[in-house]
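# Breakdown of the fold
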Amino acid sequence: MEAHSLLASAGINIGQALIILSLFSVLKKHKCTSFVYYPRRLSLRQHPHLSLNHHMPFDKTLTISRFIPTVYWIRRSFRITDAELLENCGLDALILIRLFKFGVRYFVVCSLVGLLVLLPVNYTSYDGPYWSTYSMDALTISNINKGSDRLWVHYSCLWFISLYALYQLHKEYKDLLTKRILQLRHLRDQPNQFTVLVREIPFCDEHKAYGCCVDHYFSKYHSHAYRSYQILYDGKDLEDLLNQATAIAHRIEDLRHVSLTKKHVRSSTVSDAFRDDAKVEQLEQMLEEVYQRIRHMRYHKMVEERELPVAFVTFRTRWGAALAAQSQQHSNPLLWITEMAPEPRDVLWRNLSIPYKRLPLYKIGVFGAASLLTIFFAIPVTAVQGIAKFDKLKKWFPPAMAVQLIPGLRSIVTGYLPSVILSLFIYTVPFAMIAMARFAGYISRSRKDIKACSMVFYFLVGNVFLLSLLSGSLLDQIGKSFAHPKDIPSRLASAVTAQADFFMTYILTSGLSGFSLEILQPGLLIWDAIRSHTWGRGKKRRPYLYSLPYYRVVPFVSLFILIGMVYAVVAPLLLPFLIVYFLLGYVVFINQIEDVYETTYETCGQYWPYIHHYIIVAIVIMQVTMIGLFGLKSKPAASFSTIPLLVFTIVFNEYCKIRFLPTFMNYSIQDAMKSDELDEKNGMMDANYRKALDAYCPPCLRPVDYTDNDAHTTEPLISPK
């Protein structure tokens with residue numbers, strides 16, 4: 001790619017980002033857009049004790065200032081501290097923001113090394129193959145001749161940035177581990193700290209039930225801490241009826257609101273209002289019929305016949321729950337399988353009905369589907385690289401030469417268009433992966449999202465990074481064999497040096513345009529406008545409240561860390577673009593976390609071990625690439641000297657697995673005991689563990705309020721034992 005193509009891409013993306021961000025800052029001031037730009041604050045204002053802390057800064061006066069872009073939301077993002085974010089949004093949200101901070105901090109150092117050391121070394125190689133040209137390759141390691149001693153400078157910088165990355169990872173891991181322990185202690189009132197999920201419960205032939213086995217087993221073997229249990233039921237039919245009742249109730253609420261509005265509007269006729277009242281009466285009758293069916297299905301004996309070999313067991317102390325969850329209960333490891341329960345709001349109830357022994361089959365099926373999706377996406381990725389390699393594309397497709405007839409069009413086609421097309425294709429991947437993860441049988445939303453993160457990350461590594469590299473080089477090297485594993489580092493190295501310019505444009509498009517569109521939410525704006533002026537007119541508006549899409553953000557940010565690390569030594573000119581990417585992402589997601597996205601679960605930092613793993617993968621790929629690159633540059637001594645660095649990185653990762661990972665995955669007995677002692681000292685132990693007794697009642701058995709009938713009840717028909 002030539003310099004004017006990169007400038008064209010930069011100009012288009014910067015201009016587009018400025019327009020979108022200016023439009024956002026104007027729209028954010030208007031109250032009519034609050035359901036799109038302040039859904040989290042609107043939901044929190046329903047709680048009286050929180051409403052004062054979630055004021056929305058609307059400009060109520062009709063002045064010109066309402067239509068002038070401002071940057072107050074950017075200034076606010078840099079004033080928010082980690083402590084405030086942790087208190088308001090939880091440790092998981094803080095980890096996402098710390099990931100952006102890690103990117104800024106790391107690539108600022110890498111940029112200083114690259115621009116002040118490597119860039120002059122590359123450009124002043126006067127006998128290099130690209131020195132006398134205007135190609136971007138003159139600023140990369142490609143301009144260094146084979147066997148040149150200048151490569152030892154690159155070797156030294158590789159060691160420095162690798163060790164600096166490992167130092168930053170260790171520092172983050174250690175700090176977040178401390179925050180996790182403190183967060184678990186802060187959330188002492190959470191019922192999941194007293195509750196254990198038990199699966200594969202043996203069936204009691206005498207009583208024809210599972211529940212009596214649970215009570216007998218834990219009363220005998222955990223008598224010191226056992227309190228009660230909640231057996232689960234196959235309640236799919238009941239859940240469907242409850243969802244149907246909820247939908248009808250919402251329709252009734254909307255129609256009442258419309259009818260009330262029409263009665264106060266002069267242009268509406270009385271007959272219209274009474275027609276709406278008749279529809280309300282009809283829906284209320286339907287709702288009563290659904291409630292009658294729910295009552296019938298909730299009959300005690302009918303529900304007990306649907307028992308599952310799954311139960312939530314509540315303990316009097318946290319250390320009792322932790323001990324039961326993290327120990328083997330039976331000589332047969334496929335019986336009495338225990339683990340700490342997820343938060344009640346985090347549970348995927350329907351997946352608990354899947355037999356434990358079938359879960360590997362579900363996961364294999366999801367893995368196969370994800371692999372097929374990865375193979376399918378190889379087609380558009382290869383096509384994108386064909387557009388980027390315009391000189392080669394002309395040989396394969398001669399009509400493409402018509403692009404050269406319009407001045408400046410070639411720069412747009414080769415510099416801007418490939419990254420846009422790739423971004424559009426890749427945008428759908430996280431949604432496809434999260435849909436697949438739903439079928440893997442995970443018991444909680446957090447585990448499903450974490451699994452989707454890994455699936456998306458490896459998809460991006462395979463398709464966006466590796467396939468982009470190899471498809472770009474294949475256009476130059478058709479017919480060469482890739483059958484020899486020992487050639488992988490050299491093949492990867494030759495491809496990396498050829499694709500630096502493409503990844504610069506991809507960073508610009510994904511960062512400037514992608515984050516700008518993320519904060520503008522154009523899809524929701526258009527949907528809200530259409531809904532408000534068509535079928536939703538007069539109905540009560542509700543905020544568009546969604547959970548924070550970790551599965552969509554974490555993998556892409558990790559991918560750009562991978563790209564930056566690989567090119568830190570190869571093409572340091574790419575690094576300033578990454579700093580802009582991480583800074584803009586930080587500002588955008590501070591705004592989204594504070595104002596837009598809802599916290600639907602809190603894992604107390606369990607995302608970080610996976611993020612750590614993604615970054616380790618990036619470091620390893622960087623080092624393998626440099627081993628191959630030093631080999632291509634006829635510097636075998638540098639290649640062999642890099643192998644100890646690769647080994648050290650792998651050993652460091654194993655050390656982190658031993659030192660930090662267990663505490664992120666488990667709840668230590670020591671920490672559980674300290675929290676118990678703190679509760680006993682404050683007199684809160686009984687209140688906290690009693691809160692867990694009813695927290696895990698299945699949705700199919702939760703109270704339903706029959707407000708329009710004589711049979712008014714809000715009591716569940718079956719309670720925990």
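Since we're looking at a predicted model, the values are computed, not measured.

## Examining the overall build of the protein chain
Summing up its helical and strand segments, the protein chain has 29 helices and four strands in all. Across the 721 residues in the protein chain, those meeting the buried criterion constitute 52%. When contacts within the protein chain are restricted to residue pairs at least 6 apart in sequence, those whose partners lie at least 24 apart make up 82%. Of the roughly 33400 Å² of accessible surface on the protein chain, a fraction of 63% belongs to carbon and sulfur atoms.

## A few points about the packing of aromatic side chains
Applying the stated rule across the entire model yields 44 aromatic pairs. Look at F457 and Y614: their rings are 4.3 Å apart centre to centre, the planes differ by 20°, and that puts the pair in the stacked class. Here the residue F457 occupies a position in helix 19 (residues 445-474), and Y614 occupies one in helix 25 (residues 608-632), the gap between them amounting to 157 residues. Ring geometry for F502 versus F503: centroids 5.4 Å apart, planes at 65°, classification edge-to-face.

## Remarks on unusual backbone geometry
Here E200, not a glycine, exhibits a phi torsion of approximately 55°, which is positive. Of note in this structure, C604 is not a glycine but carries a positive phi near 60°. Turning to its location among the elements, C604 is positioned in the loop between helix 24 (575-596) and helix 25. Assessed through its relative accessible area of 4%, C604 is described here as buried.

## Some details on a nonpolar patch on the surface
On the surface, a nonpolar cluster with roughly 410 Å² of combined accessible area is contributed by V108, L112, L115, L116 and V117. Along the chain, V108 turns up in helix 6 (residues 91-123). We classify V108 as partly exposed; its relative accessible area is 34%.

## Observations regarding the pairing of strand 1 (residues 195-199)
When you tally the buried positions in strand 1, you get five out of five residues, the bulk of the element. The side-chain alternation of strand 1 yields two buried faces, one formed by T195, L197 and R199 and the other by V196 and V198. Where strand 1 lies against strand 3 (residues 307-315), five bridges are found, and the strand directions are antiparallel. Note on strand 3: the bridge partner recorded for L197 is F312. Two elements, strand 1 and strand 4 (residues 337-340), share four bridges in a ladder whose sense is antiparallel. Bridging across to strand 4, V198 finds its partner in T338.

## A closer look at the nonpolar core
Grouped together as the largest cluster of nonpolar side chains are 145 residues, with contacts concentrated most on F107, I426, M565, Y567, F582 and F589. It is helix 23 (residues 550-570) that provides the largest number of residues to this core, a total of 17 residues. Listed in part, the 38 residues of the second largest apolar core include V196, V313, A321 and W336.

## Observations regarding the packing of helix 7 (residues 151-186) against helix 23
Running from N to C, helix 7 and helix 23 point in directions that differ by 150°, and their axes come no closer than 9 Å. Taken together, the axes of helix 7 and helix 23 lie roughly antiparallel to each other. Every pair of crossing elements has a handedness; the one defined by helix 7 and helix 23 is right-handed. Each of H154, L158, I161 and A165 in helix 7 lies in contact with helix 23, whose residues at this interface are M565, A568 and V569. Residue composition of the contact of helix 7 with helix 23, by class: six nonpolar, one polar and no charged.

## Points about the pairing of strand 2 (residues 226-233)
Every regular strand shows the same layout, with side chains that alternate between the two sheet faces. Strand 2 sits mainly inside the fold: seven of its eight residues count as buried. Judged from the six bridges that link them, strand 2 and strand 3 form a sheet pairing that is antiparallel. For Y233, the partnering residue across the bridge sits in strand 3 and is E307.

## A closer look at the sheet that holds strand 4
The pairing of strands in a sheet happens through backbone hydrogen bonds and is either parallel or antiparallel. Strand order in the open sheet formed by four strands is 2-3-1-4, and the pairing between neighbours is antiparallel. If you trace the sheet from one side to the other, it starts and ends with strand 2 and strand 4, each paired once. In this sheet, neighbouring strand axes are inclined to one another by 25° on average, regardless of whether the strands run parallel or antiparallel. Contacting strand 1, strand 3 and strand 4, helix 12 (residues 318-325) runs over the sheet at an angle of about 135° to strand 4.

## As for the pattern of salt bridges
One pass over the structure, following the stated rule, counts 19 salt bridges. Measuring nitrogen to oxygen at the nearest pair gives 2.6 Å for the salt bridge that ties D175 to R98. Here R98 lies in helix 6 and D175 lies in helix 7, a separation of 77 residues in the sequence. Taking relative accessible area as the criterion, D175 reaches 28% and is therefore assigned partly exposed. For the salt bridge of E172 with R105, the shortest nitrogen-to-oxygen distance reads 2.8 Å. Here E172, found in helix 7, pairs with R105, found in helix 6; they are 67 residues apart in sequence, far enough to count as distant. Judged by its relative accessible area of 29%, R105 is partly exposed. A single salt-bridge network, built from bridges that share partners, covers D82, R98, K101, R105, E172, D175 and K179.

## Quick word on the confidence of the model for the protein chain
When the pLDDT values of the protein chain are averaged, the result is 83; 81% of them are 70 or greater. Long-range and interchain partners of residues 473-482, a stretch whose pLDDT sits below 50, account for 15 contacts in this model, where long-range means more than four residues apart. This stretch, residues 706-720, has a pLDDT under 50; its non-local contacts, to residues over four places away or in other chains, come to 33 contacts.

## Considering helix 28 (residues 669-682)
Compared with an ideal rise of 1.5 Å per residue, which puts 14 residues at 20 Å, helix 28 spans 20 Å between its outermost C-alpha atoms and is within 8% of the ideal. Buried within helix 28 are the following residues: D671, A672, S675, D676 and D679. Down the axis, helix 28 shows its buried residues gathered within 140° of arc, on one side only. Along helix 28, exposed side chains directed more than 90 degrees from the buried face belong to Q670, E680 and K681. Following helix 28 by one or two positions, G683 has its phi on the positive side, about 70°.

About the cut-offs
- Residues numbered from 1 in each chain as written.
- Predicted model: local features only at pLDDT ≥ 70, side-chain atom pairs only at ≥ 80, totals over all residues.
- Heavy atoms only, no water.
- Helix = DSSP H or I, 4+ residues; strand = E, 2+ residues; numbered from the N terminus.
- Buried < 20%, exposed > 50% of the residue type's maximum accessible area, 1.4 Å probe, protein only.
- Contact = heavy atoms within 4.5 Å.
- Areas by Shrake-Rupley, 256 points an atom, 1.4 Å probe, with all protein chains shown as cover.
- Phe/Tyr/Trp six-rings, centres within 6.5 Å; stacked < 30°, edge-to-face > 60°.
- Patch = residues over 30% accessible without salt bridge, like charges linked within 9 Å, V, L, I, M, F, W, Y side chains within 5 Å.
- Salt bridge = Lys/Arg side-chain N within 4 Å of Asp/Glu carboxyl O.
- Pairing = 2+ DSSP bridges.
- Core = buried A, V, L, I, M, F, W, Y, C linked by side-chain atoms within 4.5 Å.
- Axes fitted to C-alpha atoms, helices over the stretch in contact; angles between N-to-C directions.
- Parallel < 35°, antiparallel > 145°, perpendicular 65-115°, else oblique.
- Left-handed = near helix turned anticlockwise from the far one by under 90°.
- Nonpolar A, V, L, I, M, F, W, Y, C, P; charged D, E, K, R; others polar.
- pLDDT = per-residue confidence, 0-100.
- Expected span 1.5 Å × (residues − 1).
- Arc of directions from axis to C-beta.

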